[in-house]
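What follows is each chain in one-letter form.
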Amino acid sequence: MANTKETPVIQKGDVRLSRSVAAMNSIHQPIVAVVDNSGSMLSVESGETRSNLRIAEAMINEIGTDTNLPLMEQQTVDFCVLNFHDRVEVKQNWIPLSQYERNVKLENGGCTCFYDAVVQSLYACKALFEKYKEIGISCKRPQIYLFTDGYPTDSENAEAAKQLCQHYLEGEHPKCRLHVILLPGASDKAAKALSKEVRTYAIKDCRHGLPTALTFINSSIVTFSSNAVGNQFSLQMDARYMVPAASQGIVNKTTGTAAVQDTLDVVENDDTYSFTSSI
């Protein structure tokens, strides 16, 4: 399988890892945040003074702030941020969470290149795999959190996204996990068509739902960092504002919570997906 069209927006040479001895000898956890900044994200919900885009921006800049992770563990959480509208842009190249300055600015764009956002988020993981392999670092399964409020406007990229999802998300030991968080107005149809392994969540409103998603991501980072390889665990969220797809999670109406299950795996760096040009 080879890519013949797209150029990765993040390449191996863009990756910056912690130089500490402890981090170089530890298993890393990659986290990717991908945010829709298309025109519809300028919407302002009832009772809110900020646009959905500004709420999303605040959420991105608070990832990792409520984890209480020791410095050494923050040095092994590798983090990057992308946004997408007419095109995909890098807002933060791969960097240790300990060095994330939380100054991302999201500017409003036009359309919704959802499929290309999926492609580029997986390419970003590939670049990190290559860097890890070059210097001998192992990693846990990368977690990608993609937020969107619209419908894809780049159907020409749908097949490439589907092929990449099959390669990176499927199999007994998938190399990546893709979480698509659907803001009000979005449909799960496009995400579900990519792979049965894409995990989708519905946000009931951005005012409460995006902070709920932030709590979910931060608690996930702690869980991934603190659990031993091979452990199975449950990731919870406030079901009043964020609900997983029925086939992927369980909602407890008594407690008002929802949960999804996962297993902590170390993924191999022997990635066989190839580009037509070297990265």
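Residues numbered from 1 in each chain as written. Predicted model: local features only at pLDDT ≥ 70, side-chain atom pairs only at ≥ 80, totals over all residues. Heavy atoms only, no water.

With that settled, the discussion passes to empty space enclosed by the protein. Taken as a whole, this structure holds one cavity of 30 Å³ or more when the rule is applied. Estimates place the volume of the largest cavity at around 60 Å³. Surrounding the largest cavity, F114, T148, G150, Y151, P152, V180, L182, S187, A190 and A191 form its lining. Here the lining of the largest cavity is composed, by residue class, of seven nonpolar, three polar and no charged. (1 Å grid on protein atoms, 1.4 Å probe; cavity = no way out; pocket = protein on both sides within 12 Å on 5 of 7 lines; lining within 4 Å. Points joined across faces, edges and corners; volume = space filled by probe spheres on them. Nonpolar A, V, L, I, M, F, W, Y, C, P; charged D, E, K, R; others polar.)

Among the nine residues that make up helix α2 (residues 52-60), seven are buried, leaving the element largely enclosed by the rest of the structure. All buried positions along α2 are accounted for by N52, L53, I55, A56, E57, M59 and I60. Residues of α2 that are buried in the fold lie against β2 (29-36), β3 (77-84), β6 (143-148) and α7 (206-226). (Buried < 20%, exposed > 50% of the residue type's maximum accessible area, 1.4 Å probe, protein only. Helix = DSSP H or I, 4+ residues; strand = E, 2+ residues; numbered from the N terminus. Contact = heavy atoms within 4.5 Å.)

Nonpolar side chains collect at one region of the surface, where I27, V229 and V266 lie side by side and expose about 200 Å² of accessible area between them. Residue position: V266 is located in strand β13 (residues 266-267). (Patch = residues over 30% accessible without salt bridge, like charges linked within 9 Å, V, L, I, M, F, W, Y side chains within 5 Å. Areas by Shrake-Rupley, 256 points an atom, 1.4 Å probe, with all protein chains shown as cover. Salt bridge = Lys/Arg side-chain N within 4 Å of Asp/Glu carboxyl O.)

Our next topic: the packing of aromatic side chains. Enumeration over the complete set of coordinates arrives at five aromatic pairs. Aromatic side chains Y145 and F216 sit 6.3 Å apart centroid to centroid with 90° between the ring planes, which places their arrangement in the edge-to-face category. With Y145 in strand β6 and F216 in helix α7, this pair connects stretches of sequence that are 71 residues apart. Summarising the aromatic geometry, the rings of Y201 and F216 are spaced 5.5 Å apart at their centres and angled 55° between planes, so their arrangement reads as tilted. Linking Y201 in strand β8 (residues 199-203) with F216 in helix α7, this pair joins segments that are 15 residues apart in sequence. The residues Y201 and F216 share a single accessibility class, namely buried. A connected cluster of aromatic rings, assembled from ring pairs, spans Y145, Y201 and F216. Across from the ring centre of F129, 5.9 Å away, lies the NZ or CZ of K175, which sits over that ring. (Phe/Tyr/Trp six-rings, centres within 6.5 Å; stacked < 30°, edge-to-face > 60°. Lys NZ or Arg CZ within 6 Å of the ring centre and 35° of its normal.)

Here we come to the side chain of Q29. Within the fold, Q29 resides in strand β2. Only 2.8 Å separates the side chain of Q29 from the backbone oxygen of R141, close enough to count as a polar contact. Those residues within four positions of Q29 in sequence are excluded, and the remaining contacts are T76, V77, D78, K140, R141, P142, Q143, F224 and L264. (Polar contact = N/O pair within 3.5 Å; in protein donor to acceptor, adjacent residues only side chain to side chain.)

What follows concerns the sheet that holds β8. Strand order in the open sheet formed by seven strands is β4-β3-β2-β6-β7-β8-β10, and the pairing between neighbours is mixed. On the outer flanks of this sheet lie β4 (88-96) and β10 (242-244), each paired with one strand and no other. In this sheet, adjacent strand axes meet at a mean angle of 15° when their direction is disregarded. Two elements, β8 and β10, share three bridges in a ladder whose sense is antiparallel. Paired with A202 across the bridge in β10 is V243. (Pairing = 2+ DSSP bridges. Axes fitted to C-alpha atoms, helices over the stretch in contact; angles between N-to-C directions.)

Attention now goes to the pairing of β2. The element β2 is largely enclosed, with a buried count of eight among its eight residues. Taking every second residue as pointing to the same face, both faces of β2 are buried, with Q29, I31, A33 and V35 on one and P30, V32, V34 and D36 on the other. For β2 and β3, the ladder comprises eight bridges, and the chain directions are parallel. Looking at β3, one finds that V34 is bridged to L82. Relative to β6, β2 runs parallel, the two being bridged by five bridges.

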